[in-house]
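Residues per chain are reported as follows:
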Amino acid sequence: MRKTQFGLNRLGFSGLVIDCNPAGDTLMKGGYFNNFREGSFEFYYPNGQLERKGIFTANKRIGIWKYYYKSGSIKQIVLFQDSELERMPKFIIINYYDKCGQALVKNGEGKWKYDSVRINVADNYSLKTLSGSFKDSLMHGRWELVRISGKKLMKTETFRKGELLTGQTFVSSQQEYRPYPIETMNKFPLKQGWKFKQTESFVFDETAFPDIKSETDKIKLLNEMLGLSILIPDKAASYKGGDRSMFKTLAEYLRYPVSAQKEKIEGTVYVELTIDSKGEKIASKITKGVQADLDEEALRVIDLLEDKWDAAVQNGKQITSTLTIPIKFSQPSKN
């Protein structure tokens with residue numbers, strides 16, 4: 001249950017928002033502005049104990065966030081830095097404590113563990129444990145994602161002073177591990193992220209409104225039905241399944257050319273896509289290449305993406321636009 005004010009003029013929340021369970025207990029409270037999370041937020045356990053608190057800016061965590069155990073003792077203090085995507089936040093673990101209060105990470109040094117996290121990497125959103133080490137406040141060494149059920153290793157990533165060296169993931173459909181050259185494992189997923197997606201969107205019944213194909217169609221229909229002048233926000237073209245789904249597909253089908261492996265050629269290929277006003281991919285080209293075989297493979301795997309794109313919107317109209325996708329190739333770590 002959500003207590004707030006909803007503005008039809010912008011199809012969004014503004015002001016204080018309070019989420020409660022059916023019994024009326026507060027689970028979350030925070031501020032919104034034009035349907036963006038803005039300002040201080042607090043989240044609570046079902047027992048009423050504060051779980052975490054911090055600041056959102058334009059739906060992204062920023063600054064100091066504090067996390068607590070159900071007992072009320074401090075769990076960790078995290079500094080979120082400005083990053084382009086909330087799904088891959090840049091962060092520093094300042095301090096991390098076990099349930100007895102012992103510091104496992106102190107001043108950005110030590111071993112960190114995230115229990116019972118749901119990350120859609122290598123399989124569905126099964127419960128997993130994510131663990132790794134920090135050195136000089138940067139990810140360093142081997143990080144592992146282990147499915148709790150059966151203690152199955154699902155993914156590894158190896159870092160040196162914050163830079164990804166290599167990674168591999170378990171592909172369930174093939175029952176094998178494959179190189180995963182792009183860092184896509186969210187080290188600090190936003191809990192309740194799927195709930196935000198549900199509560200912050202305005203949904204039409206598809207059976208009653210079969211012609212609603214996009215956010216633009218939705219807003220235009222509301223304007224016609226209610227006599228409103230709802231603003232259609234500008235947005236960039238995007239993959240319908242989201243970045244996580246896109247990179248998961250790319251990683252599953254990416255093949256490191258044997259010739260490049262033998263010559264130990266590494267690097268990131270940047271591919272530019274053109275998405276037309278109907279959401280169809282009409283062109284792709286290399287804007288920054290590495291080597292012929294790697295460039296060719298990057299184009300090949302990009303072309304495997306299904307035409308599930310949302311067109312960019314500008315001044316209330318869907319337009320043709322471009323977006324750039326990085327494809328990273330790196331040699332497997334020998335460590």
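Residues numbered from 1 in each chain as written. Predicted model: local features only at pLDDT ≥ 70, side-chain atom pairs only at ≥ 80, totals over all residues. Heavy atoms only, no water.

Focus: the confidence of the model for the protein
We count it as follows: Every residue gets a pLDDT, meaning the predictor's confidence in that residue, from 0 to 100. We count a stretch as a helix when DSSP gives it H or I for four or more residues in a row; a strand needs E for two or more, and each element gets its number in order from the N terminus.
Confidence in the prediction for the protein averages 81 pLDDT; 75% of positions are at 70 or higher. Within the protein, helix 1 (residues 193-199) has the poorest average pLDDT of any element, 59, and strand 5 (residues 50-57) the best, 94.

Quick notes on the environment of Ala 251
Inclusion rule: Only protein chains enter the area calculation, which uses a 1.4 Å probe; residues under 20% of their type maximum are buried, those over 50% are exposed, and those in between are partly exposed.
As for its position among the elements, Ala 251 is in helix 3 (residues 242-253). Overall, Ala 251 belongs to the buried group, its relative accessible area being 6%. In sequence terms Ala 251 and Lys 328 are 77 residues apart; their C-alpha atoms lie 9.8 Å from each other.

Some points on helix 3
Selection criterion: Helix span is expected to be 1.5 Å times the residue number reduced by one. Note that the arc is defined by the directions from the helix axis to the C-beta atoms. Should any heavy atoms of two residues lie within 4.5 Å, those residues are considered in contact.
The terminal C-alpha atoms of helix 3, which comprises 12 residues, lie 17 Å apart, in line with the 16 Å expected from a rise of 1.5 Å per residue. Buried residues of helix 3: Met 246, Phe 247, Leu 250 and Ala 251, and no others. Along the long axis of helix 3, the arc covered by the buried residues comes to 130°, so they all point the same way. Where the residues of helix 3 are buried, they touch strand 15 (176-179), strand 16 (238-239), helix 5 (292-302), strand 19 (309-310) and strand 22 (321-329).

A closer look at the nonpolar core
For clarity, the cut-off: Put simply, a nonpolar core is a bunch of buried Ala, Val, Leu, Ile, Met, Phe, Trp, Tyr and Cys residues held in one set by side-chain atoms that sit within 4.5 Å of each other.
One finds Ile 93, Trp 112 and Phe 188 to be the most contacted residues of the largest nonpolar core, which totals 25 residues. Sequence-distant contacts of Phe 188, defined by excluding residues within four places in its chain, comprise Arg 61, Tyr 67, Gln 76, Val 78, Phe 80, Pro 89, Phe 91, Ile 93, Trp 112 and Tyr 114. The next biggest cluster of nonpolar side chains, apart from the first, holds 24 residues, and it includes Ala 237, Leu 254, Ile 302 and Ile 325.

Some points on the pattern of salt bridges
Definition in use: By salt bridge we mean one thing: a side-chain nitrogen of Lys or Arg within 4 Å of a carboxyl oxygen of Asp or Glu.
Per the stated rule, a full pass over the model turns up 8 salt bridges. Between Arg 142 and Glu 144 there is a salt bridge, with the nearest N and O atoms lying 2.7 Å from each other. Glu 297 serves as the salt-bridge partner of Arg 300, at 2.8 Å between the closest nitrogen and oxygen. Pair noted here: Arg 300 and Glu 297 are both in helix 5, with a separation of 3 residues, about one helical turn. For Arg 300, a relative accessible area of 35% corresponds to the partly exposed category.

Quick look at the pairing of strand 9 (residues 103-106)
Rule in force here: Whether two strands pair depends on DSSP finding at least two bridges between them.
In this sheet, strand 9 lies alongside strand 8 (residues 90-97) in antiparallel orientation, the contact comprising 3 bridges. Each residue of the ladder has a partner; that of Tyr 97, found in strand 9, is Ala 103. In sequence, strand 8 turns back onto strand 9 through a hairpin of 5 residues, with Gly 101 there showing a positive phi of about 90°.

What to know about helix 5
Our working definition: Any pair of N or O atoms that falls within 3.5 Å is considered a polar contact. Within protein, one atom must be able to donate a hydrogen and the other to accept it, and sequence-neighbouring residues count only if both atoms are side-chain atoms.
Taken together, the buried positions of helix 5 are occupied by Leu 294, Asp 295, Glu 297, Ala 298, Val 301 and Ile 302. Each buried residue of helix 5 lies within a common arc of 165° when the element is viewed along its axis, so the set occupies one face. Turned more than 90 degrees away from the buried face of helix 5, the exposed residues are Ala 292 and Glu 296. Where helix 5 begins, the side chain of Gln 291 points an oxygen toward the backbone nitrogen of Asp 293, at a separation of 3.0 Å.

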